[in-house]
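The primary structure of each chain is shown beneath.
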Amino acid sequence: VILQAFPKLEILNSHFTRNYGEWALGFCAGVYGKESPGVDGGNKLRDVTSLDLSNRCIHNLYNKAFSPFEMPHLSHLSIRGNPLEEKSTNELLEILRRFPSLNSLEVDIPGPLGESALEILESLPNLFLLNGVKVSKIFESEKHVVDSMLQPRLPDWNPDEPLVDRVLNAMWLYLMSYRLANEEKIDETSVWYVMDELGSALRHSDEPNFRVAPFLYMRDGNLSSAVSFSILWPTRYVQRGDECTRDFLPGIGEDKERSARLTAWFHTPKNYFIKAYETRLQKLQSKHFTLPSMRSSQTSSLRQTGNPLRVYTDIPQVEEFLTRPEFVLTNDPKGADIIWTCMQVDEETKKAVGIRDDQYINQFPFEACLVMKHHLADTIQEACGNPEWLQPTYDLEKNLAELIGDYYVRERDGLDNLWILKPWNMARTIDTTVTSNLTAIIRLMETGPKICQKYIERPALFRGRKFDLRYIVLVRSMRPLEIFLSDVFWVRLANNTYSLDKRSLYEYETHFTVMNYRGPLNHMQTLEFVRDFEQEHQVKWTDIHQRIKNMIRSVFEA
């Protein structure tokens with residue numbers, strides 16, 4: 001109604017109308033206003049060097065007034081927060097290319113000019129600054145997401161949340177960490193801490209003027225007497241009144257997902273990450289894997305004669321418990337039929353020791369594809385794509401952007417967003433965390449490389465508790481593939497009743513099942529578990545067992 005009554009309006013409620021022209025542009029450039037309404041005629045845009053058009057709801061930059069003829073000296077332009085959907089990316093870039101003096105541009109990335117800072121710079125070679133960052137630095141770091149105007153994340157909570165929950169949620173914005181290593185403890189535990197008011201007030205900068213490091217003073221020469229400090233020192237010349245800043249990600253470049261990791265502290269462009277997630281998902285969904293038909297087993301015994309098999313081992317438990325008459329221990333690896341060792345046997349080792357191809361070794365080629373979690377995920381996703389039995393899994397060292405996109409899509413669609421983080425190559429649930437906090441997910445990368453998997457928030461339970469099943473698989477041959485599954489599997493049970501209460505995520509005995517090293521150990525015989533599980537859930541275990549066998553076979557086929 002207002003626009004119909006005043007058809008010459010160029011700005012309404014801070015938004016450009018379809019009628020915008022010289023006056024609207026001059027208003028944003030500070031040329032026209034209350035004191036100088038521009039009624040005296042003449043082109044006052046000719047002297048404009050800086051123009052801020054951010055958040056003006058502009059749909060089209062193609063305008064007679066927005067031209068190098070009208071603004072020949074324009075050197076800085078901001079077009080953030082505008083849809084600009086009526087012209088293609090190439091058409092918009094062509095409009096901007098016409099401004100000979102334009103050397104500084106502020107634009108959403110991803111946005112109307114594309115998804116890559118590098119591609120924008122290739123199309124606008126005269127630029128010196130893109131989103132406040134020097135072009136030379138962008139090319140050097142190969143940054144695709146460049147944004148100097150990122151808004152910081154602030155602790156958010158709802159009024160009903162207890163204070164403890166508010167602190168636990170907000171602490172990831174301020175936490176620092178270090179690890180202590182000593183000779184006795186191989187699996188060191190990370191120490192998380194918060195600096196005092198001064199240290200916590202230091203803001204992030206890609207070009208900081210200070211550095212901070214933890215420092216332990218051991219008064220009596222041992223850890224129990226240690227007093228911890230944070231040392232702060234300048235790395236460049238500073239003057240009175242300068243803000244002190246630090247790099248939240250020191251030493252971490254784009255090869256280690258720097259731009260994506262800044263999402264822990266800043267509101268980064270969601271569309272960029274959602275697009276990365278959707279691209280990866282389409283790639284996984286395009287893969288289809290069909291299990292080859294099974295051939296009848298041609299297995300023959302290793303014992304070609306009635307003599308016992310000679311076994312070489314350097315594992316004390318094997319020496320102690322391998323007492324069956326079909327085997328005899330030997331100290332000579334060259335004369336052994338079976339070599340069962342804890343050392344890595346590669347081609348060099350085989351040559352040095354004299355190991356032959358007809359000897360059996362308790363290792364198979366490229367077993368890291370299965371025994372390390374990130375390689376296991378890669379192996380399955382490369383061969384099978386997105387099988388129903390594998391939860392969405394991301395190697396955070398290379399797929400953090402896609403994980404963030406998945407998180408945002410679930411948040412948008414109102415889906416569960418609980419995730420579990422697991423170190424690449426640790427056992428016993430060490431450094432494993434369950435959380436729905438995106439900042440926490442990203443910060444936990446600091447304690448070592450991890451995968452992040454969608455947590456199964458509604459698992460099958462046994463007597464109200466979580467459980468897992470450990471199967472023993474014997475690989476006899478890779479080509480042709482010949483594997484055996486032990487009839488006996490181990491049932492491992494959590495000690496507490498399962499819960500999704502936020503506080504329970506910090507309770508090891510609720511969400512984890514490895515109790516060999518902490519808490520009481522609940523052990524069940526296989527047959528007893530099968531009988532009780534069938535009774536509780538009214539299912540046939542043979543059906544479940546067949547699905548498990550198919551899954552295990554799929555993994556080894558992959």
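On a predicted model such as this, the values are computed, not experimentally measured, just so you know. Every residue gets a number counted from 1 within its own chain, in the order that chain's sequence is written. Note on the predicted model: pLDDT of at least 70 is required for a residue's local features to be given, and 80 or more for side-chain atom pairs to be given and counted; whole-chain, interface and lining totals, by contrast, use all residues. Heavy atoms from the whole structure form the basis of all side-chain values; hydrogens and water molecules are not counted.

## Some thoughts on the overall build of the protein chain
Moving on, step 1. Counting secondary structure elements, the protein chain contains 18 helices and 28 strands.
Moving on, step 2. The principal-axis extents of the C-alpha atoms in the protein chain amount to approximately 110 × 65 × 55 Å.
Moving on, step 3. For every residue, the accessible area obtained with a 1.4 Å probe (protein chains only) is divided by the maximum for its type, and the residue is called buried under 20%, exposed over 50%, and partly exposed between those limits. Burial status across the protein chain gives 39% buried among its 558 residues.
Moving on, step 4. Counting only contacts in the protein chain whose residues sit at least 6 apart along the sequence, the fraction spanning at least 24 positions is 60%.
Moving on, step 5. All accessible-area figures derive from a Shrake-Rupley calculation using a 1.4 Å probe, and residue coverage is judged against the displayed protein chains alone. Accessible area for the protein chain stands at about 33,200 Å²; split by element, carbon and sulfur atoms hold 52% of it. Starting at the N terminus, helices and strands are each numbered in turn, a helix being any DSSP run of H or I of at least four residues and a strand any DSSP run of E of at least two. We call two residues in contact whenever any of their non-hydrogen atoms come within 4.5 Å of each other.

## Examining the nonpolar core
Moving on, step 1. Counting residues in hydrophobic clusters, the biggest one holds 41 residues, and the most contacted among them are Leu 25, Leu 53, Leu 61, Phe 66, Leu 77 and Leu 105.
Moving on, step 2. Counting only elements with at least two residues in this core, the list comes to α2 (22-28), α3 (89-97), α4 (117-123) and α5 (135-141).
Moving on, step 3. In this structure, Phe 66 is in contact with Leu 25, Leu 51, Leu 53, Leu 61, Met 71, Leu 77, Ile 95, Leu 96 and Phe 99, ignoring residues within four places of it in sequence.
Moving on, step 4. Here, nonpolar core means buried Ala, Val, Leu, Ile, Met, Phe, Trp, Tyr and Cys residues that are tied together by side-chain atoms lying within 4.5 Å of each other. Core analysis: the second largest hydrophobic core is formed by 34 residues, Leu 150, Ile 274, Val 409 and Ile 441 among them.

## Here's the deal with the sheet that holds strand β18 (residues 338-340)
Moving on, step 1. The strand order across the open sheet built from four strands is β17-β16-β18-β19, with neighbouring strands paired in parallel fashion. The open sheet is flanked by β17 (327-329) and β19 (360-361), the only strands paired with a single partner.
Moving on, step 2. A pair of strands counts as paired when DSSP detects no fewer than two bridges linking them. Here β18 runs beside β19; their pairing, made up of two bridges, is parallel. Note on β19: the bridge partner recorded for Ile 338 is Tyr 360.

## Some remarks on the pattern of salt bridges
Moving on, step 1. Whenever a carboxyl oxygen of Asp or Glu lies within 4 Å of a side-chain nitrogen of Lys or Arg, that contact is scored as a salt bridge. Enumeration according to the criterion identifies 28 salt bridges in this entry.
Moving on, step 2. Across the pair Glu 94 and Arg 97 runs a salt bridge, and its minimum N-O distance is 2.9 Å. Of the two residues, Glu 94 and Arg 97 are both situated in helix α3; the distance of three residues between them amounts to about one turn of the helix.
Moving on, step 3. In this structure Glu 94 comes out as partly exposed when scored by relative accessible area, which is 34%.
Moving on, step 4. Looking at Arg 97, the relative accessible area reads 38%, which means it is partly exposed.
Moving on, step 5. With a closest N to O distance of 2.7 Å, Asp 165 and Arg 503 form a salt bridge. Here the residue Asp 165 occupies a position in helix α6 (residues 163-170), and Arg 503 occupies one in the loop between β27 (490-493) and α16 (508-511), the gap between them amounting to 338 residues.
Moving on, step 6. Of the residues examined, Asp 165 reaches a relative accessible area of 13% and is grouped as buried.
Moving on, step 7. Beyond isolated ion pairs, a larger network of salt bridges with shared partners links Arg 80, Glu 106 and Asp 108.

## Some details on the packing of helix α9 (residues 270-285) against helix α14 (residues 396-413)
Moving on, step 1. Look at α9 against α14: their axes get within 7 Å of each other, and the N-to-C directions meet at 105°. Here α9 lies roughly perpendicular to α14, going by the angle between them. Residues Lys 270, Phe 273, Ile 274, Ala 276, Tyr 277 and Arg 280 of α9 pack against Asn 399, Ala 401, Glu 402, Ile 404, Gly 405, Asp 406, Tyr 408, Val 409, Glu 411 and Arg 412 of α14.
Moving on, step 2. Here the residues of the contact of α9 with α14 sort into eight nonpolar, two polar and six charged. As a rule, the C-alpha atoms of each element are fitted with a line to give its axis, helices using only the stretch in contact, and angles between N-to-C directions run from 0 to 180 degrees. Put simply, angles under 35 degrees are roughly parallel, angles over 145 are roughly antiparallel, angles from 65 to 115 are roughly perpendicular, and the rest are oblique. For this scheme, ten residues count as nonpolar: Ala, Val, Leu, Ile, Met, Phe, Trp, Tyr, Cys and Pro. Four count as charged, namely Asp, Glu, Lys and Arg, and the remainder, Gly too, count as polar.

## Concerning the sheet that holds strand β3 (residues 50-52)
Moving on, step 1. The strand order across the open sheet built from five strands is β3-β4-β5-β6-β7, with neighbouring strands paired in mixed fashion. On the outer flanks of this sheet lie β3 and β7 (133-134), each paired with one strand and no other.
Moving on, step 2. Two elements, β3 and strand β4 (residues 76-78), share three bridges in a ladder whose sense is parallel. Opposite Leu 51, over in β4, you have Leu 77 as the bridge partner.

## A look at unusual backbone geometry
Moving on, step 1. Pro 480 follows Arg 479 through a cis peptide bond whose omega is 0°.
Moving on, step 2. Tracing the backbone shows Pro 480 in the loop between β25 (473-477) and β26 (482-485).
Moving on, step 3. Even without being glycine, Asn 131 reaches a positive phi, approximately 55°.
Moving on, step 4. Here Asn 131 shows up in the loop between β6 (129-130) and β7.
Moving on, step 5. Unlike most non-glycine residues, Arg 428 shows phi in positive territory, near 60°.

## Description of the packing of aromatic side chains
Moving on, step 1. By convention, a stacked pair of Phe, Tyr or Trp rings (six-membered ring in the case of Trp) has centres within 6.5 Å and planes under 30 degrees apart, an edge-to-face pair has planes over 60 apart, and any other such pair is tilted. Overall, the coordinates contain 21 aromatic pairs when judged by the stated rule.
Moving on, step 2. Taken together, a centroid distance of 6.2 Å and an interplanar angle of 10° make the contact between Trp 23 and Tyr 32 stacked.
Moving on, step 3. Arranged with centres 6.5 Å apart and planes meeting at 75°, the rings of Tyr 407 and Tyr 408 form a pair that is edge-to-face.
Moving on, step 4. A relative accessible area of 8% places Tyr 407 in the buried class.
Moving on, step 5. Residue class for Tyr 408 comes out buried when judged on its relative accessible area of 5%.
Moving on, step 6. Among the aromatic residues, ring-to-ring pairing joins Phe 462, Phe 467, Tyr 471, Phe 489, Phe 529, Phe 533 and Trp 541 into one connected group.
Moving on, step 7. Put simply, a charge is over a ring when the Lys NZ or the Arg CZ is close to the ring centre, within 6 Å, and near the line of the ring normal, within 35 degrees. One residue, Arg 46, lies across the ring of Phe 69, its end atom 5.9 Å from the ring centre.

## Looking at the environment of Gly 354
Moving on, step 1. Structurally, Gly 354 can be placed in the loop between α11 (347-353) and β19.
Moving on, step 2. Distance from Gly 354 to Pro 333, taken between C-alpha atoms, is 8.1 Å for residues 21 residues apart in sequence.
Moving on, step 3. Setting aside residues no more than four positions away along its own chain, Gly 354 makes contact with Lys 334, Thr 349 and Gln 359.

## Observations regarding the side chain of Ser 554
Moving on, step 1. Note that Ser 554 resides in helix α18 (residues 541-557).
Moving on, step 2. Overall, Ser 554 belongs to the buried group, its relative accessible area being 10%.
Moving on, step 3. Apart from residues no more than four positions distant in its own chain, Ser 554 is found in contact with Phe 289, Leu 291 and Trp 389.

## Quick notes on the side chain of Glu 482
Moving on, step 1. When you line up the elements, Glu 482 lands in strand β26.
Moving on, step 2. Two residue types count as positive, namely Lys and Arg, and two as negative, namely Asp and Glu; His and chain ends fall outside the count. For the buried Glu 482, no salt bridge exists, and the shortest N-O distance to an oppositely charged side chain is 4.8 Å, to Arg 476.
Moving on, step 3. Leave out the neighbours within four places in its chain, and Glu 482 touches Ser 297, Thr 299, Leu 474, Val 475, Arg 476 and Ser 477.

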